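# Survey of secondary and tertiary structure
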Amino acid sequence: MVKCKVQATREKNKIKTICLPGSVSSLSLLSCNIIPRECSNITCTVSNWTEVDKKRKCLYGDSVFQMNFTQFSNVAKPDTLLLWDLAVKIFPDAKLLSVADRQAIHFNFFPRWMMLDSAIGFCSSYEESLKYINSKDYTDMLLHFYGTSMSPEKRLRDDQIIETFKPFWDFHYYETAVPIFFKKLDKIEYMAIFLLLLFDDAYANISEEGATLCRNLRKVIKRELKGYQTDNNCSEMRFIDTMDTLLLLEKAEEKITAEVLICGVNNINLNDDFKAIFHVKKI
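Residues numbered from 1 in each chain as written. Predicted model: local features only at pLDDT ≥ 70, side-chain atom pairs only at ≥ 80, totals over all residues. Heavy atoms only, no water.

### Structural notes on the overall build of the protein chain
- Counting its secondary structure elements, the protein chain contains 11 helices and zero strands.
- Each helix and strand of the protein chain, placed in order from N terminus to C terminus, yields the pattern α-α-α-α-α-α-α-α-α-α-α.
- For the protein chain, the residues scored as buried account for 54% of the 283 residues in total.
- Accessible area of the protein chain: about 12900 Å², with a carbon and sulfur share of 54%. (Helix = DSSP H or I, 4+ residues; strand = E, 2+ residues; numbered from the N terminus. Buried < 20%, exposed > 50% of the residue type's maximum accessible area, 1.4 Å probe, protein only. Areas by Shrake-Rupley, 256 points an atom, 1.4 Å probe, with all protein chains shown as cover.)

### Considerations on the side chain of Ser 149
- Here Ser 149 lies in the loop between helix H6 (136–147) and helix H7 (158–181).
- On the basis of relative accessible area, Ser 149 is assigned to the buried category, the value being 1%.
- When residues no more than four places from it in sequence are discounted, the contact partners of Ser 149 are Asn 68, Phe 69, Thr 70, Asn 267, Ile 268 and Asn 269. (Contact = heavy atoms within 4.5 Å.)

### With respect to the environment of Phe 181
- Following the sequence through the fold, Phe 181 ends up in helix H7.
- Taking the C-alpha atoms as reference points, Phe 181 and Ile 120, 61 residues apart in sequence, are found 7.7 Å from one another.

### What to know about the pattern of salt bridges
- Applying the stated criterion to the full structure yields 16 salt bridges.
- Among the salt bridges present, the one from Lys 183 reaches Asp 241, with a minimum N-O distance of 2.9 Å. Placement of Lys 183 in the loop between H7 and helix H8 (187–198) and of Asp 241 in helix H10 (residues 236–264) is noted, with a sequence separation of 58 residues between them.
- Since its relative accessible area comes to 29%, Asp 241 is described here as partly exposed.
- Linking Asp 244 and Lys 183 is a salt bridge whose minimum nitrogen-to-oxygen distance equals 2.9 Å. Pair noted here: Asp 244 is in helix H10 and Lys 183 is in the loop between H7 and H8, with a separation of 61 residues, a long-range link.
- Here the salt bridges share partners, and the residues they tie into one network are Arg 56, Asp 79 and Asp 117. (Salt bridge = Lys/Arg side-chain N within 4 Å of Asp/Glu carboxyl O.)

### Examining the packing of H8 against helix H9 (residues 208–231)
- Relative orientation of the contacting elements H8 and H9 amounts to 165°, with a least axis distance of 10 Å. Accordingly, the angle class assigned to the pair H8 and H9 is roughly antiparallel. With respect to the hand of their crossing, H8 and H9 are arranged in left-handed fashion. Residues Ile 188, Glu 189, Ala 192, Leu 195, Leu 196 and Leu 197 of H8 form the contact with H9, whose own contacting residues are Arg 218, Ile 221, Lys 222, Leu 225, Tyr 228 and Gln 229. (Axes fitted to C-alpha atoms, helices over the stretch in contact; angles between N-to-C directions. Parallel < 35°, antiparallel > 145°, perpendicular 65-115°, else oblique. Left-handed = near helix turned anticlockwise from the far one by under 90°.)

### What about the packing of aromatic side chains?
- In the structure shown here, the tally under the stated rule is 24 aromatic pairs.
- On the numbers, 5.8 Å between centres and 90° between planes, the contact of Phe 91 with Phe 199 is edge-to-face. In this pair, Phe 91 is assigned in the loop between helix H3 (69–90) and helix H4 (99–122) and Phe 199 in the loop between H8 and H9, connecting sequence segments 108 residues apart.
- Using a relative accessible area of 6% as the deciding quantity, one classes Phe 91 as buried.
- Accessibility expressed as a relative area gives 0% for Phe 199, which makes it buried.
- Centroid distance Trp 113 to Phe 194: 5.4 Å. Interplanar angle 65°. Geometry classified as edge-to-face. Here Trp 113, found in helix H4, pairs with Phe 194, found in helix H8; they are 81 residues apart in sequence, far enough to count as distant.
- Among the aromatic residues, those joined into a cluster by ring pairs are Tyr 60, Phe 69, Phe 72, Phe 110, Tyr 132, Tyr 138, Phe 145, Tyr 146, Phe 165, Trp 169, Phe 274 and Phe 278.
- Here the guanidinium or amino end of Lys 226 rests over the ring plane of Phe 239, the centre of that ring lying 4.7 Å away.
- Lying over the aromatic face of Phe 171, Lys 255 brings its terminal NZ or CZ to 5.0 Å of the ring centre. (Phe/Tyr/Trp six-rings, centres within 6.5 Å; stacked < 30°, edge-to-face > 60°. Lys NZ or Arg CZ within 6 Å of the ring centre and 35° of its normal.)

Spelled out as C-alpha cells, the structure:
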C-alpha cells in the first residue's frame, strides 16, 4: 500500500451507528470547559458545528447504520465539501489555495476524518459498543455493509467476507476508537483535531505555497488549543496527548487505504470519487 506521509430499538440503532466506519457523529453534543477569548477560531468552529451536524445528518439520513459501503462512498465527496465550507468560513485565507491544492487537501483529509468521526460517535457509549462488537449483530452488520455492496453474482460467501474484512473493523475499533476514547477529549479538542487534519501541510501532493498557508493556519490552531488547555489548568501532557491523536489517525489512514484497495479486488462497488481519494498518489 502507499505510504501517504512524507514525514514520519433506538438504543440498539445508536450502537450500530457507532460501530460503522464513517458513521455520522454528534460532535456538537460533547461537553467542553470555559473557552478563552484567544480561542476565537476554534470557538467559531464550535458555534457553527450544530448546523453542520444537521446538514450531515440530512446527507447520510437518519439510519446511517443501514447504509452499505456503496451508499457510504456516494456521500463522501459532498460530506467533505460541506466540512470544507465550514473551514473556509473560519479561515477565509483558505480561499487563496489553488484548485489543485484544495482537491489534494480534501483527498488527504477524508480517510482520517472518516476514522475520527467513527471514534467520536463511539465515545458516547463505550460499554454498549464493547458488548456489541462481540455479538452476532456486529458480524451481521459487517455482512450487510460489504455483502450488499457486491453484485449478487460476484458476492463472496459470508465466511469469506468476515475473514477478509472483520480484521479491519476490529483494528479500527481496538487500535483507533478505543485509544481515542480513553483520551477523554472534549469538544474544543476535537474541533482542533478536525482543523489540524484538514490543514495538514505534510503531504507532498500540495504545492509549497499551499503547504506554507496550511502550516501557518496550523500554528494558529495549535496556539489556541494550547491556550485553551492552559486556561483550564491542563498539564503539558494534555497537549501532547491530544496531538498524539493525529498519529493514531495516521495509522488508521494506512489501514483504511489498504481496506479500500482490497475492496477493489473483491468486487465491491464504490463511487469513483471515493476511490480517487485512496488511489491518488500522495508521495
